[in-house]
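Structural characterization, general
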Amino acid sequence: MKVSTSSSPDYAKKLIQNYVPVYVMLPLGVVTTDNELEDRDGIKKQLKQLQAADVDGVMIDVWWGIVESKGPNQYDWTAYRSLFKIIQECGLKLQAIMSFHQCGGNVGDSVNIPLPSWILKIGESNPDIFYTNRSGTRNKEYLTLGVDNQPLFHGRTAVELYRDYMKSFRENMEDFLDNGLIIDIEVGLGPAGELRYPSYVQNQGWEFPGIGEFQCYDKYLKMEFKGAAVTAGHPEWELPDNAGTYNDAPESTEFFRSNGTYQSDEGKFFLTWYSNKLLNHGDQILEEANQVFLGCKLKLAAKVAGIHWWYQTENHAAELTSGYYNLKTRDGYRPIARMLSRHHAILNFTCLEMRNYEHISKAKSGPEELVQQVLSGGWREGIPVAGENALPRYDHAAYNQILLNARPNGINKEGEPKHKMFGVTYLRLCNKLLQKRNFNIFKSFVMKMHADQGYCPNPEDYNCYVVPLNQSKEKISMEALLEATEPLEPFSWERETDTPIGGPFVDFFNRILYIFK
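Predicted, not measured: the structure shown is a model, and the values here were computed from it.

Conventions adopted
- Residues numbered from 1 in each chain as written.
- Predicted model: local features only at pLDDT ≥ 70, side-chain atom pairs only at ≥ 80, totals over all residues.
- Heavy atoms only, no water.
- Helix = DSSP H or I, 4+ residues; strand = E, 2+ residues; numbered from the N terminus.
- Rg over C-alpha atoms; globule rule 2.2 N^0.38 Å.
- Buried < 20%, exposed > 50% of the residue type's maximum accessible area, 1.4 Å probe, protein only.
- Contact = heavy atoms within 4.5 Å.
- Areas by Shrake-Rupley, 256 points an atom, 1.4 Å probe, with all protein chains shown as cover.
- Lys, Arg positive; Asp, Glu negative; His and termini not counted.
- Charge placed at Lys NZ, Arg CZ, Asp CG, Glu CD.
- Axes fitted to C-alpha atoms, helices over the stretch in contact; angles between N-to-C directions.
- Parallel < 35°, antiparallel > 145°, perpendicular 65-115°, else oblique.
- Left-handed = near helix turned anticlockwise from the far one by under 90°.
- Nonpolar A, V, L, I, M, F, W, Y, C, P; charged D, E, K, R; others polar.
- Polar contact = N/O pair within 3.5 Å; in protein donor to acceptor, adjacent residues only side chain to side chain.
- Phe/Tyr/Trp six-rings, centres within 6.5 Å; stacked < 30°, edge-to-face > 60°.
- UniProt positions renumbered as here; feature names shortened; annotations may be inferred.
- Pairing = 2+ DSSP bridges.
- Right-handed = clockwise from strand over helix to strand, strands pointing away.

Of the regular secondary structure elements, the protein chain holds 16 helices and ten strands. For a compact globule of 517 residues, the expected C-alpha radius of gyration is about 24 Å, and the protein chain comes in at 22 Å, within 12% of that figure. Reported as C-alpha extents along the three principal axes, the dimensions of the protein chain are approximately 75 × 50 × 45 Å. Looking at the protein chain residue by residue over its 517 residues, the buried ones come to 59%. Partitioning the intrachain contacts of the protein chain with sequence separation of at least 6 by distance along the chain shows that 80% fall at a separation of at least 24. When the accessible surface of the protein chain is totalled, it reaches about 20600 Å², and 49% of it is carbon and sulfur. Each charge class in the protein chain can be summarised by its mean position, and for the 54 positive and 65 negative side chains these summaries are 4 Å apart.

At their nearest, the axes of helix 6 (residues 158–172) and helix 9 (residues 265–293) sit 9 Å apart, and the two run at 25° to each other. Classified by the angle their axes make, helix 6 and helix 9 are roughly parallel. Judged by the sense of rotation from one axis to the other, the crossing of helix 6 with helix 9 is right-handed. Here helix 6 contributes Val159, Tyr162, Arg163, Met166, Lys167, Phe169 and Arg170 to the contact with helix 9, which in turn contributes Gln284, Ile285, Glu288, Ala289, Val292 and Phe293. Taken together, the residues that form the contact of helix 6 with helix 9 break down as eight nonpolar, one polar and four charged.

When you line up the elements, Asp184 lands in strand 6 (residues 182–187). Only 3.0 Å separates the side chain of Asp184 from the side chain of Gln95, close enough to count as a polar contact. Contacts of Asp184, omitting those with residues within four sequence positions, involve Leu94, Gln95, Ala96, Leu298, Lys299 and Ile346.

This part is about the packing of aromatic side chains. Aromatic ring pairs are defined here through the distance separating the ring centres and the angle between the ring planes. Applying the stated criterion across every chain yields a total of 41 aromatic pairs. Centre to centre, the rings of Phe84 and Phe176 are 5.8 Å apart; their planes meet at 80°, and the pair counts as edge-to-face. Within this pair, whereas Phe84 is found in helix 4 (residues 78–89), its partner Phe176 is found in helix 7 (residues 174–178), the two being separated by 92 residues in sequence. On the basis of relative accessibility, which here comes to 3%, the residue Phe176 falls in the buried class. When the centroid spacing of 5.2 Å and the interplanar angle of 90° are considered together, the rings of Tyr200 and Trp309 count as edge-to-face. In this pair, Tyr200 sits in the loop between strand 6 and helix 8 (219–231) while Trp309 sits in the loop between strand 7 (299–304) and helix 10 (317–322), placing the two residues 109 residues apart along the sequence. Connected via pairs of aromatic rings, a cluster forms that spans Trp64, Tyr75, Trp77, Tyr80, Phe84, Phe100, Tyr142, Tyr162, Tyr165, Phe169, Phe176 and Phe293.

On to the UniProt feature "active site" (unreviewed entry) in the protein chain. The residues that UniProt annotates with the feature "active site" (unreviewed entry) are Glu194 and Glu388. Spatial clustering of the annotated residues is evident: they stretch over 195 residues in sequence, but the largest pairwise C-alpha distance comes to 12.4 Å. Examined against the element boundaries, Glu194 turns out to sit in the loop between strand 6 and helix 8. Ignoring any residue separated from it by four or fewer positions in sequence, one finds Glu194 in contact with Leu189, Tyr200, Lys303, Ala305 and Thr350. Topologically, Glu388 is positioned in strand 9 (residues 385–388). Of the residues examined, Glu388 reaches a relative accessible area of 2% and is grouped as buried. Setting aside residues no more than four positions away along its own chain, Glu388 makes contact with Met59, Lys303, Asn348, Phe349, Thr350, Cys351, Leu352, Glu353, Thr425 and Leu427. Engagement of the side chain of Glu388 in a polar contact is seen with the side chain of Lys303, the distance being 3.0 Å.

To continue, consider the environment of Lys44. One can find Lys44 in helix 2 (residues 40–52). Counting along the chain gives 110 residues from Lys44 to His154, while the straight-line C-alpha distance between them is 39 Å. The residues touching Lys44, leaving out its near neighbours within four places in the chain, are Ile86, Glu89 and Cys90.

Turning next to the pairing of strand 10 (residues 423–426). Here strand 10 shows no split at all, with Gly423 and Thr425 on one side and Val424 and Tyr426 on the other all buried. In terms of strand pairing, strand 1 (residues 22–25) meets strand 10 through three bridges, oriented parallel. Bridge assignment links Val24 to a residue of strand 10, and that residue is Tyr426. By the bridge criterion, three bridges tie strand 9 to strand 10 in an arrangement that is parallel. Opposite Ala386, over in strand 10, you have Gly423 as the bridge partner. Following the chain from strand 9 across helix 13 (residues 396–406) to the adjacent parallel strand 10, one finds a crossover that is right-handed.

Put into structure tokens, the structure is as follows:
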């Protein structure tokens, strides 16, 4: 263990409260589709390198499509148990993702891990179990939330599938849960494990910065919408047919253009219904997760996607198709944070590394303001917020932006800062990260995240308490959740981090570089 170089123990005790733990996402295919641990010696060597760099832990996808691949209720955890044991031997903590989605077909997907074959078999005779766009194209990344409570899977509903998987995980990983290896369980709630609809899909032709498409045209969601419209006294209202296609710009569609359908009563009703379905989906599955892991010394977590393109427009089109009903006049993220608060869950957000100027101007991207809005909403709702980078980056400027977002107001030399992230996960472990130059920069980043105090084995020293998981609070009514849609100014952020790596001018030179590009 490294210790502070400060000569004052009291000073070090105050400074350590600025410590933000760093985790590293393991490779997508570290456990193969054949349910085998790939390159045991190689992964152990890499984990030891991370441990020597003072990394706090690692994050791993625990793929449904691998573990329950042989048939309903036939779980095989052997490879993951072997991997968890190696992680423990290397002195690292573990964040485990209950990955109920497919790997393959999107940005960064280097391997292909489909949903369990027996699930896909059911989909052959009933393709409406999958998300569907207006043209009828199915998406096999994740089961549509329309079947959350439909007993279509050998007598089980989708929510029961997820619950049973988590129950089996707890039963088979009891020793790792008891000895403190596993510190949080991130519950996959949609494509890429994120609480969203699969509105932008590369293998269906989407390209950045396309607005994406609504994904609610399977027969189950169509039926639910029709019922909701009838109850609201408008049986004539239909799902949108004028919202364009994946690669459209907002203004080219009737739905998203200025004074478009999204601002009409019918459009507002649809967007409220669409986003509320997502809230209910997350709430229901997290309640099951809470019951499964009740009493375990860990946190639950859920990931929200960083849909930053078209953020600086009136319509926020890409967010709306993803299920985030977020406008200048309506906060689409704080209701999610409020829902998570009843399950004592962490809000995990992406795109921490991005600056606005790094994206083409026509995309109207606003990752900096988006991160500020979402993190501020989480803090306002009294929940811990964590995050990760969206794309692999190895440069000083990206690390400095993550540092800024991890401590928006900088280091507090007198104790805990006003706002601090609960943890940051770097995406991801690979040979390129471990190249000498890249790894040296990464090690500097880890040290700065740790407030220059070196590795701290006791989270309580930096006020990250991991206690036995309490039971979910009483269900929050939709009316109370939607009170959180009131837009509020985000908390203040410094312009740059006060603990930069690479020198004070690195961001300036990076900005000039992008201008020349």
